[in-house]
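Overview (structure and organization)
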Amino acid sequence: MRKVFTALLLALALALTIAGASMGADDVIRIGVFNCLTGQNAFGGQLELEGTQLAHKLNPEILGRKVELVVVDNKSDKVEAANAVTRLIENDKVNAIIGTYGSSLAMAGGEVAEKAGVPVIGTSCTNPLVTQGKRYYFRACFIDPFQGAGAATYAFKNLDFKRAATLVDVTNDYSVGLGAFFKQAYEKMGGEIVAELKYQSGDQDFTAQLTELISKKPDIVFLPAYFAEGAIVLKQARELGAEFRFIGADAMDNPEIVTLGGDAVEGFLHTTFAYDPSMENMNPVAAQFTAEWNKEHPDKAPNVNCALGYDCYVMLADAIARAGSAEPEKIRDALEGTKDLPTVTGMTTINATHDAEKEMGIVEIRNGKKTFLGLVKPEI
């Protein structure tokens, strides 16, 4: 009898242990993060992760439940992006996902999440195809037709430049799409595109393209590049004596651009989200984010990548709170209802195509520093 009783106690203890572990697992909300922490796009992905981690540190619980961030590196690679989302869903059993920098990576991971029925909020993946036809993919950023039109509007209307050219990375969906949207909007307003030149990711010598651009004499060149390559283009343009202006897009919004480009980036313009640490009259969420970021990273200035990573967490927390549940389907439904949510990058509303509707800003490099010039309303 003693042996039987002891065995029963052991079985009961084991059952309670398993039940406790199960209850503990159910009590934790797991948010996956897949971003490019190594590889070509690591500079942007790391900043976005740090923004998400800051938001999590400030708000570690939702609905009274602990939130766990599960981070996977997509290595700036499409196959790895799909693998990262698969791991988060199948192995880590996440309730929702944040990511990623790079539209092509978001598209690769999005197919996996769509089949599994797990909601994802994209950080800075601005290509329209990321959310096209998707029920479970959302994003915190505006999309490229809006951004390309914003750059064209600023060049044509604000700067009164009537002749423009484009210099596009033909191996990058982000760059190709933006180049096309800029051209469409610019010509619609009455501007002339005098040249459409191309390069490939990894190129280091842009002499041929820049020489041709100089011969075409545009007033401004639209350069939808990532900041590292963009800085090289700007330096070589300065060395060749180019007199036209350059305007880029959100992927050029990185604190390191001045370090890489030096004096050559002076006067460079780019579209961005409605946030920059240099802007006046920040909204309360942006002001809190900036203050907390500076405490956490005193030697590194914040930018829109950090802000968008932060905003994704805020959006998910809001959706889960409104849903009253961390079930993926209920989170998805709540995300669809996001309207006028205060975030770092302005009031955020999710529209019918799961894209964020928000304001656009313009930044210029002045005296070696980013200066937020104000907002621009794209003419589409």
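Data block above holds the structure.
Below is a summary of the structure that appears in this document. (Residues numbered from 1 in each chain as written. Predicted model: local features only at pLDDT ≥ 70, side-chain atom pairs only at ≥ 80, totals over all residues. Heavy atoms only, no water.)

**Quick word on helix H12 (residues 328-336)**
Listed in full, the buried residues belonging to H12 are Ile331, Arg332, Ala334 and Leu335. Angular distribution of buried residues about the axis of H12 spans 165°; they occupy a single face of the element. The inward-facing, buried residues of H12 contact strand S4 (96-98), strand S5 (120-122), strand S6 (137-139), helix H11 (304-323) and strand S13 (346-350). (Buried < 20%, exposed > 50% of the residue type's maximum accessible area, 1.4 Å probe, protein only. Helix = DSSP H or I, 4+ residues; strand = E, 2+ residues; numbered from the N terminus. Arc of directions from axis to C-beta. Contact = heavy atoms within 4.5 Å.)

**A short note on the packing of helix H3 (residues 78-90) against helix H4 (residues 103-116)**
Two quantities define a packed helix pair, namely the angle between the helix axes and the distance between the axes. It is at 8 Å that the axes of H3 and H4 come closest, and there the two elements cross at 35°. As for the relative orientation of H3 and H4, their crossing is right-handed in sense. Touching Lys78, Ala81, Ala82, Val85, Thr86 and Ile89 of H3 are Ser104, Leu105, Ala108, Gly109, Val112, Ala113 and Ala116, all from H4. (Axes fitted to C-alpha atoms, helices over the stretch in contact; angles between N-to-C directions. Left-handed = near helix turned anticlockwise from the far one by under 90°.)

**Looking at the environment of Ala42**
Topologically, Ala42 is positioned in helix H2 (residues 42-58). Spatially, the C-alpha atoms of Ala42 and Asn74 are 9.6 Å apart, while their sequence positions differ by 32 residues.

**Some words on the sheet that holds strand S16 (residues 369-376)**
Taken in spatial order, the seven strands of this open sheet run S8-S7-S9-S10-S11-S15-S16, and their pairing is mixed. Edge strands, defined here as strands with exactly one partner in the open sheet, are strand S8 (192-199) and S16. Taking the axes of each pair of neighbouring strands and ignoring which way they run, one obtains an average angle of 25° across the sheet. One ladder, built from five bridges, connects strand S11 (residues 269-273) with strand S15 (residues 360-366); its direction is antiparallel. Within S15, the residue paired with Thr271 across the bridge is Ile362. Here helix H8 (residues 227-239) sits on the sheet and contacts strand S7 (163-169), S8 and strand S10 (245-248); the angle it forms with S10, its principal contact strand, is near 175°. (Pairing = 2+ DSSP bridges.)

**Here's the deal with the pattern of salt bridges**
Tallied over the full model, the rule gives 20 salt bridges. Taking the shortest distance from any N to any O, the salt bridge between Lys157 and Glu379 comes out at 3.8 Å. Of this pair, Lys157 sits in helix H5 (residues 144-158) while Glu379 sits in the segment after S16; the two residues are 222 residues apart in sequence, bridging distant segments of the chain. Assessed through its relative accessible area of 44%, Lys157 is described here as partly exposed. On the accessibility criterion, Glu379 (38% relative accessible area) is partly exposed. With a shortest N-O distance of 3.0 Å, Lys183 and Glu196 are connected by a salt bridge. Placement of the pair is Lys183 in helix H6 (residues 173-188) and Glu196 in strand S8, with a sequence separation of 13 residues. For Lys183, a relative accessible area of 26% corresponds to the partly exposed category. Bridged by salt links that share partners, the residues Arg135, Glu329, Arg332, Asp333 and Glu336 form one connected network. (Salt bridge = Lys/Arg side-chain N within 4 Å of Asp/Glu carboxyl O.)

**Notes on the nonpolar core**
Core analysis: the biggest nonpolar cluster contains 94 residues, and Phe34, Ile97, Tyr186 and Phe289 have the highest contact counts within it. Counting residues per element, this core draws most heavily on H11, at 13 residues. Of all hydrophobic cores here, the second largest spans 23 residues; its members include Tyr199, Leu213, Phe227 and Ile365. (Core = buried A, V, L, I, M, F, W, Y, C linked by side-chain atoms within 4.5 Å.)

**What to know about the environment of Asn254**
Mapped onto the elements, Asn254 comes out in the loop between S10 and helix H9 (257-261). Between the C-alpha atoms of Asn254 and Leu47, which are 207 residues apart in sequence, the distance is 9.2 Å. With residues near it in sequence (within four places) discarded, Asn254 still touches Phe43, Leu47, Phe227 and Asn303. Among the polar contacts listed, one links the side chain of Asn254 to the backbone nitrogen of Glu256, at a separation of 2.9 Å. (Polar contact = N/O pair within 3.5 Å; in protein donor to acceptor, adjacent residues only side chain to side chain.)

**Considerations on unusual backbone geometry**
Generally, phi is negative for residues other than glycine and the peptide bonds are trans, each holding for most cases. Each neighbour pair has its own omega, and for Gly99 with Thr100 the value is 15°, a cis peptide bond. Relative to the assigned elements, Thr100 resides in the loop between S4 and H4. With phi around 60°, Ser76 is a residue other than glycine that occupies positive phi space. With respect to the secondary-structure elements, Ser76 resides in the loop between strand S3 (65-73) and H3. Phi at Asn367 is positive, roughly 55°, even though this residue is not glycine.

**A closer look at the packing of aromatic side chains**
Any pair of aromatic rings gets described here by the distance separating the centres and the angle formed by the planes. The final tally for this structure, using the stated rule, is 15 aromatic pairs. Aromatic side chains Phe182 and Tyr186 sit 5.4 Å apart centroid to centroid with 15° between the ring planes, which places their arrangement in the stacked category. Of this pair, Phe182 and Tyr186 both sit in helix H6, separated by four residues, roughly a single helical turn. Both residues of the pair, Phe182 and Tyr186, count as buried. Through a chain of ring-to-ring contacts, the aromatic side chains of Phe43, Tyr101, Tyr174, Tyr226 and Phe227 assemble into a single cluster. (Phe/Tyr/Trp six-rings, centres within 6.5 Å; stacked < 30°, edge-to-face > 60°.)

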